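# Structure at a glance
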Amino acid sequence: MGDFINSAPLFVVILLLVVGFALLVKGADFFVEGSSSVAKKLAVPSIIIGLTIVAMGTSLPETAVSVTASLVDNNTLAISNVVGSNIFNLMFVIGVCSILSTIYVQRETVTRDIPFSIICALLLLGLGMIAVGDASGMTLGRFDGILFLILFAGYIGLMIKSAMKARAEGKEVEANDEFDAEELKVMSYPKSIIYIVGGAIAIAIGGDLTVDTASRIAIDLGMSQTLVGLTIVSIGTSLPELVTSVVAARKNEVDMAVGNAVGSNIFNILMVLGIASAINPVSLIRENVIDIIILVAFSVVVWIFAATKKKISRKEGIAMVAMYLVYAVYIILR
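Heads up: these notes are all about the structure in this document. (Residues numbered from 1 in each chain as written. Predicted model: local features only at pLDDT ≥ 70, side-chain atom pairs only at ≥ 80, totals over all residues. Heavy atoms only, no water.)

## Things to note about the overall build of the chain
- Counting its regular elements, the chain contains 13 helices and four strands.
- Taking all 334 residues of the chain together, the buried fraction comes to 54%.
- Intrachain contacts of the chain at a sequence separation of at least 6 include 86% that bridge at least 24 residues.
- As displayed, the chain offers around 14,100 Å² of accessible surface, 68% of which is attributable to carbon and sulfur atoms. (Helix = DSSP H or I, 4+ residues; strand = E, 2+ residues; numbered from the N terminus. Buried < 20%, exposed > 50% of the residue type's maximum accessible area, 1.4 Å probe, protein only. Contact = heavy atoms within 4.5 Å. Areas by Shrake-Rupley, 256 points an atom, 1.4 Å probe, with all protein chains shown as cover.)

## A look at the nonpolar core
- Within the largest apolar cluster, 55 residues are counted, with the highest numbers of intra-cluster contacts made by Ile 87, Leu 124, Val 258, Ile 269 and Ile 312.
- When contributions to this core are tallied by element, the ones reaching two or more residues are α5 (75–100), α6 (107–130), α7 (142–168), α9 (225–237), α11 (257–279), α12 (286–307) and α13 (314–333).
- Discounting residues that sit within four places of it in the chain, Val 258 has contacts with Ile 94, Ile 103, Val 105, Thr 109, Ile 114, Val 302 and Ile 312.
- Judged by nonpolar contacts, the second largest core, of 23 residues, contains Ala 64, Ala 69, Leu 77 and Val 211. (Core = buried A, V, L, I, M, F, W, Y, C linked by side-chain atoms within 4.5 Å.)

## Concerning the environment of Tyr 104
- Mapped onto the fold, Tyr 104 is located in strand β1 (residues 103–104).
- Residue Tyr 104 is classed as partly exposed on the basis of its relative accessible area, which comes to 47%.
- Residues Tyr 104 and Val 258 lie 154 residues apart in sequence; the distance between their C-alpha atoms is 8.4 Å.

## Looking at unusual backbone geometry
- Even without being a glycine, Lys 309 presents a positive backbone phi close to 60°.
- With respect to the secondary-structure elements, Lys 309 resides in the loop between α12 and β4 (311–312).
- Given a relative accessible area of 70%, Lys 309 falls into the exposed group.
- The backbone of Lys 310 shows a phi angle near 55°, a positive value even though the residue is not glycine.
- In this fold, Lys 310 is placed in the loop between α12 and β4.
- You can call Lys 310 partly exposed: its relative accessible area is 36%.

## Things to note about the packing of α12 against α13
- It is at 11 Å that the axes of α12 and α13 come closest, and there the two elements cross at 175°. Relative to α13, the element α12 is oriented roughly antiparallel. Along the contact surface, α12 presents Ile 290, Asp 291, Ile 294, Phe 298, Val 301, Val 302 and Phe 305, while α13 presents Glu 316, Met 320, Met 323, Tyr 327, Tyr 330 and Ile 331.
- By residue class, the composition of the contact of α12 with α13 is 11 nonpolar, no polar and two charged. (Axes fitted to C-alpha atoms, helices over the stretch in contact; angles between N-to-C directions. Parallel < 35°, antiparallel > 145°, perpendicular 65-115°, else oblique. Nonpolar A, V, L, I, M, F, W, Y, C, P; charged D, E, K, R; others polar.)

Everything listed here is a matter of geometry and, on its own, says nothing about what the molecule does.
Now the structure itself:
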(Lines give C-alpha, C1' and ligand atoms only; values in the text may rest on other atoms or scores of the structure.)
Protein backbone atom coordinates (compact mmCIF):
# COMPACT_ATOMS: atom_id res chain seq x y z
CA MET A 1 0.00 0.00 0.00
CA GLY A 2 2.91 2.33 0.77
CA ASP A 3 4.27 2.08 -2.78
CA PHE A 4 0.82 2.75 -4.26
CA ILE A 5 0.32 5.84 -2.06
CA ASN A 6 3.74 7.22 -2.99
CA SER A 7 2.97 6.93 -6.73
CA ALA A 8 -0.75 7.87 -6.70
CA PRO A 9 -2.08 11.33 -7.70
CA LEU A 10 -2.53 13.77 -4.81
CA PHE A 11 -6.34 13.77 -4.99
CA VAL A 12 -6.32 9.98 -4.60
CA VAL A 13 -4.03 10.30 -1.58
CA ILE A 14 -6.39 12.86 0.02
CA LEU A 15 -9.32 10.51 -0.63
CA LEU A 16 -7.43 7.66 1.04
CA LEU A 17 -6.69 9.95 4.01
CA VAL A 18 -10.45 10.51 4.44
CA VAL A 19 -11.01 6.75 4.16
CA GLY A 20 -8.34 6.22 6.82
CA PHE A 21 -10.07 8.65 9.19
CA ALA A 22 -13.43 6.96 8.56
CA LEU A 23 -11.95 3.54 9.34
CA LEU A 24 -10.39 4.89 12.55
CA VAL A 25 -13.63 6.46 13.78
CA LYS A 26 -15.95 3.56 12.90
CA GLY A 27 -13.39 0.98 13.95
CA ALA A 28 -13.17 2.58 17.38
CA ASP A 29 -16.99 2.60 17.63
CA PHE A 30 -17.23 -1.09 16.74
CA PHE A 31 -14.39 -2.06 19.09
CA VAL A 32 -15.96 -0.18 22.00
CA GLU A 33 -19.42 -1.64 21.41
CA GLY A 34 -18.13 -5.20 21.11
CA SER A 35 -15.79 -5.02 24.11
CA SER A 36 -18.37 -3.29 26.31
CA SER A 37 -21.04 -5.80 25.36
CA VAL A 38 -18.81 -8.71 26.41
CA ALA A 39 -17.94 -6.95 29.69
CA LYS A 40 -21.60 -6.30 30.49
CA LYS A 41 -22.58 -9.90 29.71
CA LEU A 42 -19.85 -10.98 32.13
CA ALA A 43 -21.43 -8.69 34.77
CA VAL A 44 -18.51 -6.26 34.94
CA PRO A 45 -19.78 -3.06 36.66
CA SER A 46 -20.75 -0.38 34.16
CA ILE A 47 -18.53 2.24 35.79
CA ILE A 48 -15.47 0.06 35.20
CA ILE A 49 -16.54 -0.36 31.58
CA GLY A 50 -16.78 3.40 31.21
CA LEU A 51 -13.46 4.13 32.90
CA THR A 52 -11.50 1.49 31.01
CA ILE A 53 -12.86 -0.04 27.80
CA VAL A 54 -14.98 2.89 26.63
CA ALA A 55 -12.51 5.59 27.72
CA MET A 56 -9.63 3.85 25.97
CA GLY A 57 -11.76 3.10 22.94
CA THR A 58 -12.34 6.77 22.13
CA SER A 59 -8.57 7.31 21.94
CA LEU A 60 -7.93 4.27 19.73
CA PRO A 61 -7.50 6.48 16.61
CA GLU A 62 -4.66 8.38 18.30
CA THR A 63 -3.19 5.10 19.52
CA ALA A 64 -3.33 3.52 16.06
CA VAL A 65 -1.71 6.49 14.33
CA SER A 66 1.05 7.04 16.90
CA VAL A 67 1.93 3.35 17.31
CA THR A 68 1.92 2.83 13.54
CA ALA A 69 4.14 5.89 13.13
CA SER A 70 6.50 4.49 15.78
CA LEU A 71 6.64 1.09 14.06
CA VAL A 72 7.64 2.67 10.74
CA ASP A 73 10.13 4.97 12.50
CA ASN A 74 8.09 8.11 11.79
CA ASN A 75 8.27 9.28 15.38
CA THR A 76 7.88 12.98 14.65
CA LEU A 77 4.33 12.26 13.52
CA ALA A 78 3.69 10.13 16.63
CA ILE A 79 4.42 12.85 19.18
CA SER A 80 2.95 15.75 17.17
CA ASN A 81 -0.27 13.76 16.71
CA VAL A 82 -0.68 13.32 20.47
CA VAL A 83 0.21 16.90 21.39
CA GLY A 84 -1.95 18.29 18.59
CA SER A 85 -4.91 16.11 19.60
CA ASN A 86 -4.56 17.18 23.23
CA ILE A 87 -4.53 20.87 22.37
CA PHE A 88 -7.51 20.42 20.01
CA ASN A 89 -9.50 18.46 22.64
CA LEU A 90 -8.71 20.96 25.37
CA MET A 91 -9.29 24.26 23.56
CA PHE A 92 -11.53 23.60 20.56
CA VAL A 93 -13.76 20.72 21.69
CA ILE A 94 -14.41 22.13 25.18
CA GLY A 95 -14.60 25.65 23.77
CA VAL A 96 -17.27 24.76 21.20
CA CYS A 97 -19.26 22.82 23.83
CA SER A 98 -19.24 25.73 26.26
CA ILE A 99 -20.37 28.09 23.49
CA LEU A 100 -23.36 25.84 22.85
CA SER A 101 -24.11 25.35 26.56
CA THR A 102 -22.42 26.42 29.81
CA ILE A 103 -20.26 23.57 31.12
CA TYR A 104 -20.41 22.78 34.84
CA VAL A 105 -17.21 21.20 36.14
CA GLN A 106 -16.99 18.50 38.80
CA ARG A 107 -14.83 19.13 41.87
CA GLU A 108 -12.59 16.10 41.14
CA THR A 109 -11.81 17.49 37.69
CA VAL A 110 -10.46 20.73 39.21
CA THR A 111 -8.62 19.17 42.15
CA ARG A 112 -7.34 15.93 40.58
CA ASP A 113 -7.65 15.47 36.82
CA ILE A 114 -6.53 18.82 35.40
CA PRO A 115 -3.49 19.08 37.75
CA PHE A 116 -2.52 15.50 36.86
CA SER A 117 -2.85 16.23 33.13
CA ILE A 118 -0.49 19.20 33.58
CA ILE A 119 1.96 16.97 35.46
CA CYS A 120 1.79 14.44 32.58
CA ALA A 121 2.59 17.15 30.02
CA LEU A 122 5.49 18.40 32.16
CA LEU A 123 6.75 14.82 32.51
CA LEU A 124 6.63 14.43 28.74
CA LEU A 125 8.67 17.59 28.35
CA GLY A 126 11.11 16.80 31.16
CA LEU A 127 11.74 13.14 30.35
CA GLY A 128 12.06 13.93 26.66
CA MET A 129 14.70 16.59 27.32
CA ILE A 130 16.58 14.62 30.00
CA ALA A 131 16.51 11.50 27.77
CA VAL A 132 17.36 8.86 30.38
CA GLY A 133 19.56 6.18 28.83
CA ASP A 134 20.03 8.10 25.56
CA ALA A 135 23.24 10.05 25.17
CA SER A 136 21.94 11.95 22.13
CA GLY A 137 19.32 13.75 24.23
CA MET A 138 15.83 15.04 23.32
CA THR A 139 14.41 11.51 23.18
CA LEU A 140 11.50 9.73 24.83
CA GLY A 141 13.09 6.31 25.31
CA ARG A 142 11.84 2.85 26.21
CA PHE A 143 12.45 3.50 29.93
CA ASP A 144 10.24 6.60 29.71
CA GLY A 145 7.56 4.64 27.84
CA ILE A 146 7.47 1.94 30.50
CA LEU A 147 7.29 4.62 33.21
CA PHE A 148 4.33 6.23 31.43
CA LEU A 149 2.52 2.89 31.21
CA ILE A 150 3.06 2.25 34.93
CA LEU A 151 1.69 5.72 35.77
CA PHE A 152 -1.29 5.11 33.51
CA ALA A 153 -2.07 1.79 35.23
CA GLY A 154 -1.88 3.57 38.59
CA TYR A 155 -4.20 6.36 37.37
CA ILE A 156 -6.79 3.89 36.07
CA GLY A 157 -6.56 1.96 39.35
CA LEU A 158 -7.16 5.19 41.30
CA MET A 159 -10.14 6.09 39.12
CA ILE A 160 -11.72 2.66 39.54
CA LYS A 161 -11.12 2.69 43.31
CA SER A 162 -12.65 6.16 43.59
CA ALA A 163 -15.64 5.16 41.47
CA MET A 164 -16.30 1.96 43.40
CA LYS A 165 -16.04 3.83 46.71
CA ALA A 166 -18.55 6.42 45.52
CA ARG A 167 -20.89 3.69 44.32
CA ALA A 168 -20.62 1.89 47.70
CA GLU A 169 -21.56 5.17 49.40
CA GLY A 170 -24.61 5.42 47.17
CA LYS A 171 -23.40 8.42 45.21
CA GLU A 172 -24.13 8.93 41.55
CA VAL A 173 -21.04 8.09 39.52
CA GLU A 174 -20.51 8.88 35.88
CA ALA A 175 -17.97 7.31 33.57
CA ASN A 176 -15.01 9.50 32.66
CA ASP A 177 -16.00 9.64 29.02
CA GLU A 178 -18.54 11.08 26.62
CA PHE A 179 -20.40 7.77 26.47
CA ASP A 180 -22.92 6.51 28.99
CA ALA A 181 -21.89 2.91 29.67
CA GLU A 182 -25.45 1.92 30.62
CA GLU A 183 -26.66 2.82 27.14
CA LEU A 184 -24.18 0.60 25.34
CA LYS A 185 -25.62 -2.27 23.38
CA VAL A 186 -25.57 -5.80 24.78
CA MET A 187 -25.02 -8.19 21.88
CA SER A 188 -24.53 -11.94 21.58
CA TYR A 189 -21.00 -13.26 22.03
CA PRO A 190 -20.50 -14.10 18.30
CA LYS A 191 -21.66 -10.62 17.26
CA SER A 192 -19.51 -9.01 19.96
CA ILE A 193 -16.44 -10.90 18.74
CA ILE A 194 -17.16 -9.83 15.14
CA TYR A 195 -17.39 -6.20 16.32
CA ILE A 196 -14.13 -6.49 18.29
CA VAL A 197 -12.15 -8.19 15.50
CA GLY A 198 -13.69 -6.03 12.77
CA GLY A 199 -13.06 -2.87 14.77
CA ALA A 200 -9.45 -3.83 15.46
CA ILE A 201 -8.82 -4.56 11.77
CA ALA A 202 -10.43 -1.24 10.73
CA ILE A 203 -8.31 0.63 13.27
CA ALA A 204 -5.12 -1.06 12.09
CA ILE A 205 -5.83 -0.36 8.40
CA GLY A 206 -7.04 3.17 9.15
CA GLY A 207 -3.95 3.96 11.19
CA ASP A 208 -1.66 2.69 8.44
CA LEU A 209 -3.54 4.65 5.75
CA THR A 210 -3.52 7.84 7.84
CA VAL A 211 0.23 7.72 8.50
CA ASP A 212 1.18 6.87 4.91
CA THR A 213 -1.14 9.41 3.28
CA ALA A 214 -0.27 12.18 5.76
CA SER A 215 3.43 11.61 5.09
CA ARG A 216 2.87 11.78 1.32
CA ILE A 217 0.82 14.99 1.63
CA ALA A 218 3.55 16.54 3.77
CA ILE A 219 6.17 15.74 1.15
CA ASP A 220 4.08 17.01 -1.79
CA LEU A 221 3.05 20.26 -0.09
CA GLY A 222 6.43 20.91 1.48
CA MET A 223 4.97 20.59 4.97
CA SER A 224 6.87 19.15 7.92
CA GLN A 225 5.70 15.96 9.62
CA THR A 226 5.20 18.03 12.78
CA LEU A 227 2.80 20.42 11.02
CA VAL A 228 0.82 17.54 9.48
CA GLY A 229 0.61 15.81 12.86
CA LEU A 230 -0.48 18.97 14.67
CA THR A 231 -3.19 19.82 12.14
CA ILE A 232 -4.55 17.22 9.69
CA VAL A 233 -3.84 14.07 11.70
CA SER A 234 -4.57 15.41 15.19
CA ILE A 235 -7.93 16.91 14.17
CA GLY A 236 -8.86 13.78 12.21
CA THR A 237 -8.13 11.43 15.11
CA SER A 238 -10.07 13.72 17.49
CA LEU A 239 -13.26 13.49 15.43
CA PRO A 240 -14.95 10.99 17.83
CA GLU A 241 -14.49 13.36 20.78
CA LEU A 242 -15.55 16.41 18.76
CA VAL A 243 -18.71 14.90 17.25
CA THR A 244 -19.84 13.26 20.50
CA SER A 245 -19.20 16.36 22.61
CA VAL A 246 -21.05 18.66 20.19
CA VAL A 247 -24.03 16.30 20.10
CA ALA A 248 -24.02 16.19 23.91
CA ALA A 249 -23.85 19.99 24.07
CA ARG A 250 -26.83 20.34 21.74
CA LYS A 251 -28.76 18.08 24.14
CA ASN A 252 -27.56 20.19 27.09
CA GLU A 253 -25.71 17.22 28.60
CA VAL A 254 -22.16 18.51 28.90
CA ASP A 255 -21.47 18.37 32.63
CA MET A 256 -18.58 15.97 32.08
CA ALA A 257 -17.10 17.68 28.99
CA VAL A 258 -14.03 19.10 30.76
CA GLY A 259 -13.30 15.88 32.64
CA ASN A 260 -13.73 13.87 29.45
CA ALA A 261 -11.25 15.95 27.45
CA VAL A 262 -8.74 16.06 30.29
CA GLY A 263 -9.02 12.30 30.81
CA SER A 264 -8.46 11.72 27.10
CA ASN A 265 -5.36 13.93 27.23
CA ILE A 266 -3.96 11.92 30.14
CA PHE A 267 -4.58 8.70 28.20
CA ASN A 268 -2.91 10.09 25.07
CA ILE A 269 0.30 11.02 26.88
CA LEU A 270 0.66 8.08 29.26
CA MET A 271 -0.81 5.22 27.22
CA VAL A 272 -0.41 6.23 23.57
CA LEU A 273 3.08 7.72 23.84
CA GLY A 274 3.96 5.10 26.45
CA ILE A 275 3.30 2.31 23.95
CA ALA A 276 4.89 4.20 21.04
CA SER A 277 8.14 5.01 22.89
CA ALA A 278 8.34 1.52 24.44
CA ILE A 279 8.29 0.10 20.90
CA ASN A 280 10.70 2.59 19.38
CA PRO A 281 12.31 5.65 21.07
CA VAL A 282 10.58 8.90 20.07
CA SER A 283 12.76 11.90 19.26
CA LEU A 284 11.68 15.40 20.26
CA ILE A 285 12.49 18.36 18.05
CA ARG A 286 12.43 22.04 19.00
CA GLU A 287 8.88 22.48 17.65
CA ASN A 288 7.66 19.61 19.85
CA VAL A 289 9.09 21.31 22.94
CA ILE A 290 7.35 24.60 22.06
CA ASP A 291 4.03 22.82 21.45
CA ILE A 292 4.22 20.92 24.76
CA ILE A 293 4.87 24.20 26.58
CA ILE A 294 1.82 25.68 24.81
CA LEU A 295 -0.20 22.61 25.87
CA VAL A 296 0.81 23.22 29.50
CA ALA A 297 -0.12 26.92 29.21
CA PHE A 298 -3.52 26.10 27.68
CA SER A 299 -4.12 23.50 30.41
CA VAL A 300 -3.49 26.15 33.06
CA VAL A 301 -5.94 28.51 31.29
CA VAL A 302 -8.65 25.81 31.28
CA TRP A 303 -7.85 25.04 34.93
CA ILE A 304 -8.41 28.69 35.85
CA PHE A 305 -11.65 28.86 33.85
CA ALA A 306 -12.91 25.60 35.38
CA ALA A 307 -12.02 26.61 38.94
CA THR A 308 -13.93 29.89 38.57
CA LYS A 309 -17.44 29.18 39.88
CA LYS A 310 -16.91 25.51 38.81
CA LYS A 311 -18.07 26.24 35.27
CA ILE A 312 -16.88 27.36 31.85
CA SER A 313 -19.08 30.11 30.42
CA ARG A 314 -19.91 30.96 26.81
CA LYS A 315 -17.49 33.94 26.87
CA GLU A 316 -14.69 31.71 28.14
CA GLY A 317 -15.53 29.17 25.43
CA ILE A 318 -15.24 31.85 22.74
CA ALA A 319 -11.89 32.88 24.20
CA MET A 320 -10.68 29.25 24.13
CA VAL A 321 -11.68 28.75 20.49
CA ALA A 322 -10.04 32.06 19.58
CA MET A 323 -6.81 31.01 21.31
CA TYR A 324 -6.84 27.71 19.44
CA LEU A 325 -7.32 29.48 16.10
CA VAL A 326 -4.42 31.83 16.88
CA TYR A 327 -2.31 28.77 17.71
CA ALA A 328 -3.38 27.08 14.45
CA VAL A 329 -2.32 30.13 12.45
CA TYR A 330 0.99 30.20 14.35
CA ILE A 331 1.90 26.58 13.57
CA ILE A 332 0.95 27.00 9.89
CA LEU A 333 3.09 30.13 9.58
CA ARG A 334 5.87 28.49 11.60
